[in-house]
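Structure at a glance
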Amino acid sequence: MKMQFKRIICLLLALIMTCALFACGGSSGDQKSTDGGDNDGNSNGVGGDDSDGDVYVPPRVEDAKARILWAEDTYCAFVVFDASPRAGIRDVDISSVTSEDGNTTYYAVDVYKNETRDSGIWYFFMSFHDKTRTLDDYSKFNIEIKDTATGQERITNLTDLKMITPEELEALGLYSVSGHPVISVPNTLYIDNDYVGFRAHFYVFGKDGVDGISFTPDNFTFFAGDGTPITGMFPNNAFTVGVVPPYDTVRDYEVTALLELSSSDESEAVAEQLKSCDPYMVYTGSDGDTWSAPLLTDEG
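Described in the following lines is the structure provided in the data block. For every chain, the first residue of its written sequence is number 1, and the numbers climb from 1 along that sequence. Only residues with pLDDT of at least 70 get local features here, since the model is predicted, and only at 80 or more are side-chain atom pairs given and counted; chain-wide, interface and lining totals rely on the full set of residues. By convention in this description, side-chain values take in all heavy atoms of the structure and omit both hydrogens and water.

**A word on the side chain of Ser 139**
Considering the arrangement of structural elements, one finds Ser 139 in helix α2 (residues 135–139). Between buried and exposed lies partly exposed: a residue is buried under 20% and exposed over 50% of the maximum accessible area for its type, with that area taken using a 1.4 Å probe on protein chains only. Relative accessible area serves as the criterion here: at 16%, Ser 139 is assigned to the buried category. Apart from the residues lying within four places of it in its own chain, the contact partners of Ser 139 are Ile 68, Asp 160 and Leu 161. The secondary structure listing takes helices from DSSP runs of H or I that are at least 4 residues long and strands from runs of E that are at least 2 residues long, numbered from the N terminus. Should any heavy atoms of two residues lie within 4.5 Å, those residues are considered in contact.

This is the structure:
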């Protein structure tokens, strides 16, 4: 009898524990579903963790805005921003840009995308080689944005485009040199047996007047996040800066800044020190115009 009573007690305890586990599991699932969806009330837009361990944030293509970044007689560039918070970058793309008359569609061949400050991700689409279009023509272009975050395509069309304002450029964390928009692209470290350093790219938009802007090694300096010059961190290593000029109207410049190693054994230690110092690059023009940009991505 005592043995039977003990069995009954054990069965009851097991049943209670099972019910508790199911209750916890259901509550956890409901919370994850709520957090992972579109939630305008959550200013951080925080969702579930993705496979890379980053906090995933669903795209909000309905909030996207588009501006004409630059337009001249040989090409035009558009910038799209507020299309998505940080982690949604992989799910949003410009699928096409259509001319004002609807007769010509440009597909996303020349698209660059990146996150910038708190404005989510921005894109630019450029290189329309047509000397007959005017700024008014470009303002009537249609930019189609495609979002595949939910497994089903959501399409947003942006029209009635205007030139980007200086205030918008500043808010996006973009730069300006003598009135020309500048986009800086963070890069990873360059490492070989003889050198460790940076190969940074930046784009200067515009054709007329750009040739009068100075882009030489003397215009660029490099610092750690605390303001220490990179040369001061490595006084025993020669530091060489070079500028590779562009080949087209997009003005894609490459700046190299390399520390010469006395032996290949130094490369790993120098690379780790550069990665951890939060390095950035400063441009100073002959007219005193300056801008600065980080040199490495989070993964750099």
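There's plenty left to go through after this.
**Here we look at unusual backbone geometry**
Note: most peptide bonds trans; most residues except glycine with negative phi. The backbone phi angle of Asp 160 is positive, close to 50°, even though this residue is not glycine. By relative accessible area, which is 55% here, Asp 160 ends up exposed.

**Focus: the packing of aromatic side chains**
Pairs were defined over the aromatic rings of Phe, Tyr and Trp, the Trp ring being its six-membered one, requiring ring centres within 6.5 Å. Orientation was assigned from the angle between planes: stacked under 30 degrees, edge-to-face over 60, tilted for the rest. For the structure shown, the criterion picks out 14 aromatic pairs. When the centroid spacing of 5.4 Å and the interplanar angle of 65° are considered together, the rings of Phe 202 and Trp 291 count as edge-to-face. Here Phe 202 is found in strand β12 (residues 195–204), whereas its partner Trp 291 is found in strand β17 (residues 290–294), with 89 residues between them in sequence. Overall, Phe 202 belongs to the buried group, its relative accessible area being 0%. Of the residues examined, Trp 291 reaches a relative accessible area of 5% and is grouped as buried. For the pair Phe 215 and Tyr 283, a centre-to-centre distance of 5.4 Å together with 40° between the ring planes defines the contact as tilted. One end of the pair, Phe 215, is in the loop between β12 and β13 (220–223); the other, Tyr 283, is in strand β16 (residues 280–284), and 68 residues separate them in sequence.

**So, the sheet that holds β16**
Two strands qualify as a pair provided that DSSP identifies no fewer than 2 bridges between them. Across the sheet, three strands lie side by side as β13-β16-β17; this open sheet has antiparallel pairing. Bordering the open sheet on either side are β13 and β17, each of which pairs with just one other strand. With direction set aside, neighbouring strand axes in the sheet form an average angle of 20°. Pairing of β13 with β16 involves four bridges; the strand directions are antiparallel. Across the sheet, residue Thr 221 finds its bridge partner in β16, namely Val 282. Only the stretch in contact is used when fitting a helix axis, every axis being a line fitted to C-alpha atoms; angles between N-to-C directions are given from 0 to 180 degrees.

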